[in-house]
Amino acid sequence: MAGIYIHIPFCNSKCAYCGFYSIASQKQKSAFLEALHTEIALRTDYLNGEEIGTIYFGGGTPSVLSVEEIKGILESFFRHYKVNPAAEITLEANPDTLNPDYLQDLRKLGINRLSIGIQSFFDDDLKYLSRRHDSNHAKQCINWAKQAGFDNLTLDLIYGLPTATAEKWNQNLDLFFETQAQHLSAYALTVEPNTILAKQIASQQLQPVNEDDAVRDYEILCQRAKENGFLHYEISNFAKPGFRSKHNCSYWNRTPYAGFGPSAHSFDGVSRQWNVSNLSQYIASHDSPNLFEKEILTPEERYDEYVMTSLRTMWGCDLKYMEREMGKRFSDFCLKQAQKPLSQGMLTQTNEFLHLTDAQMLFADGVAEALFWE
């Protein structure tokens, strides 16, 4: 089954570290929603009628939309696409946008997976990240979500913060496990170019990020997750059995998906396309070819993408799949290139599968490059 991604570009304010396309204004929300509904109706052929198994509202901050606005978007997809009745429907939310009534209405609407951007349970960390909520409100939101009936709840945390010691990161994880949330997405703080955080660090307003701290925190994270029964199924993602993100797994196993909204990406198995990362241009061009750029992937690019995405996961790189889908010359080349990382202990091989060692998971991109065709 295919996936649907909807990019909601609006935020109440721009977080200092955020490198995703978003704007801290909702003046164009009505025009955006009109353009989005038009794009949904016009792109019905993209997935060739394949049944939709996952719908994901990302951003930005999707929870700035009203329940009625979210309902309207879902109705458009159900009207124009074949959506599986048991589809996983995820909505990302920030604590500053949540209250009990809103959460109860989302659950009644059919949102069955909620992703809350907690980032930290400590106020000084949240201040460093320029988050709008405090730790008390974060904890309240989690309780409200559980009371509303969300039994597939994922929380985001950020590690490697200059404000956080190893002890404090352990306490953050303690508080996460106490929530009984079923899924954890944990990301190393990275300083993206041209973000507010990058400028603040450059001007010495904030402490710089220390990579060694991130490595330390990641090792703690992996160990604590394992001890608490969480499956480490992708570099940054941990889940209780049965609670992996079906939608995100589609990105890593090359399942086709269509992206809607400004900056959203799509993949149909042989090509990728991405919408313009500008709200005004998106609104003006939603019914024209100027909406997106597109590239047809060469066999070599498909190989490189598979290596990159598969090594990020617990399933690893399947040489038999590679031979079947891409040809023996690619599987032979991959195995040849893997010999050095294997001898260095960066990769392990089990039958036809290549896996990153636990110690190398945080450096997956670098290991993958050693196997690339180019």
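Note that this is a predicted model, so its numbers are computed, not measured. (Residues numbered from 1 in each chain as written. Predicted model: local features only at pLDDT ≥ 70, side-chain atom pairs only at ≥ 80, totals over all residues. Heavy atoms only, no water.)

## Points about the packing of helix α11 (residues 299-310) against helix α12 (residues 319-326)
Here's step 1: Direction vectors running N to C along α11 and α12 enclose 160°, while the axes themselves pass 12 Å from each other. In terms of orientation, α11 lies roughly antiparallel with respect to α12. By crossing handedness, the relation of α11 to α12 is classed as right-handed. Side by side, α11 and α12 meet where Arg302, Tyr303, Tyr306 and Val307 of the first sit next to Tyr321, Met322, Glu325 and Met326 of the second.
Here's step 2: Its residues assigned to classes, the contact of α11 with α12 comprises six nonpolar, no polar and two charged. (Axes fitted to C-alpha atoms, helices over the stretch in contact; angles between N-to-C directions. Helix = DSSP H or I, 4+ residues; strand = E, 2+ residues; numbered from the N terminus. Parallel < 35°, antiparallel > 145°, perpendicular 65-115°, else oblique. Left-handed = near helix turned anticlockwise from the far one by under 90°. Contact = heavy atoms within 4.5 Å. Nonpolar A, V, L, I, M, F, W, Y, C, P; charged D, E, K, R; others polar.)

## A short note on the environment of Val215
Here's step 1: With respect to the helices, strands and loops of the structure, Val215 is situated in helix α8 (residues 211-227).
Here's step 2: In this structure the C-alpha to C-alpha distance between Val215 and Val67, which are 148 residues apart in sequence, comes to 40 Å.
Here's step 3: With residues up to four places along the chain from it excluded, the contact list for Val215 reads Leu362 and Phe363.

## Some details on the pairing of strand β6 (residues 183-188)
Here's step 1: Pairing of strand β5 (residues 153-159) with β6, which is carried by six bridges, proceeds in the parallel orientation. Opposite Leu157, over in β6, you have Ala186 as the bridge partner.
Here's step 2: Read as a crossover between parallel neighbours, the route from β5 over helix α6 (residues 166-179) to β6 is right-handed.
Here's step 3: In this sheet, strand β8 (residues 237-239) lies alongside β6 in antiparallel orientation, the contact comprising three bridges. When the bridges of β8 are listed, Leu184 appears paired with Phe238. (Pairing = 2+ DSSP bridges. Right-handed = clockwise from strand over helix to strand, strands pointing away.)

## So, the sheet that holds strand β13 (residues 317-318)
Here's step 1: Strand order in the open sheet formed by three strands is β13-β15-β14, and the pairing between neighbours is antiparallel. Every interior strand has two partners, whereas the edge strands, β13 and β14 (347-350), have only one.
Here's step 2: Strand direction decides the pairing type here: β13 and strand β15 (residues 353-356), joined by two bridges, are antiparallel. Paired with Asp318 across the two strands is Phe353, which belongs to β15.
Here's step 3: Sitting on the sheet, helix α13 (residues 328-343) is in contact with β13, β14 and β15, with an inclination near 125° to β14.

## What about a negative patch on the surface?
Here's step 1: Among the surface-exposed residues, Glu68, Glu75, Asp101 and Asp105 lie close enough to one another that they form a single negatively charged patch.
Here's step 2: Mapped onto the negative patch, the elements with two or more residues apiece are α2 (67-80) and α3 (100-109).
Here's step 3: Position of Asp101 relative to the elements: it lies in helix α3.
Here's step 4: Relative accessible area serves as the criterion here: at 53%, Asp101 is assigned to the exposed category. (Patch = residues over 30% accessible without salt bridge, like charges linked within 9 Å, V, L, I, M, F, W, Y side chains within 5 Å. Areas by Shrake-Rupley, 256 points an atom, 1.4 Å probe, with all protein chains shown as cover. Salt bridge = Lys/Arg side-chain N within 4 Å of Asp/Glu carboxyl O. Lys, Arg positive; Asp, Glu negative; His and termini not counted. Charge placed at Lys NZ, Arg CZ, Asp CG, Glu CD. Buried < 20%, exposed > 50% of the residue type's maximum accessible area, 1.4 Å probe, protein only.)

## A few points about the environment of Trp274
Here's step 1: Examined against the element boundaries, Trp274 turns out to sit in strand β11 (residues 271-275).
Here's step 2: Given a relative accessible area of 25%, Trp274 falls into the partly exposed group.
Here's step 3: Ignoring anything within four residues of it in the chain, the contact list for Trp274 reads Ala264, His265, Leu291, Phe292, Glu293 and Glu295.

## So, unusual backbone geometry
Negative phi values dominate among residues other than glycine, just as trans dominates among peptide bonds.
Here's step 1: The omega torsion of the bond from Gly59 to Gly60 falls at 20°, within 30 degrees of zero and hence cis.
Here's step 2: One can find Gly60 in the loop between β2 (52-59) and α2.
Here's step 3: A positive phi angle, near 55°, is found at Asn351, a position not held by glycine.
Here's step 4: Turning to its location among the elements, Asn351 is positioned in the loop between β14 and β15.

Limitation: the analysis is restricted to geometry and does not speak to function.
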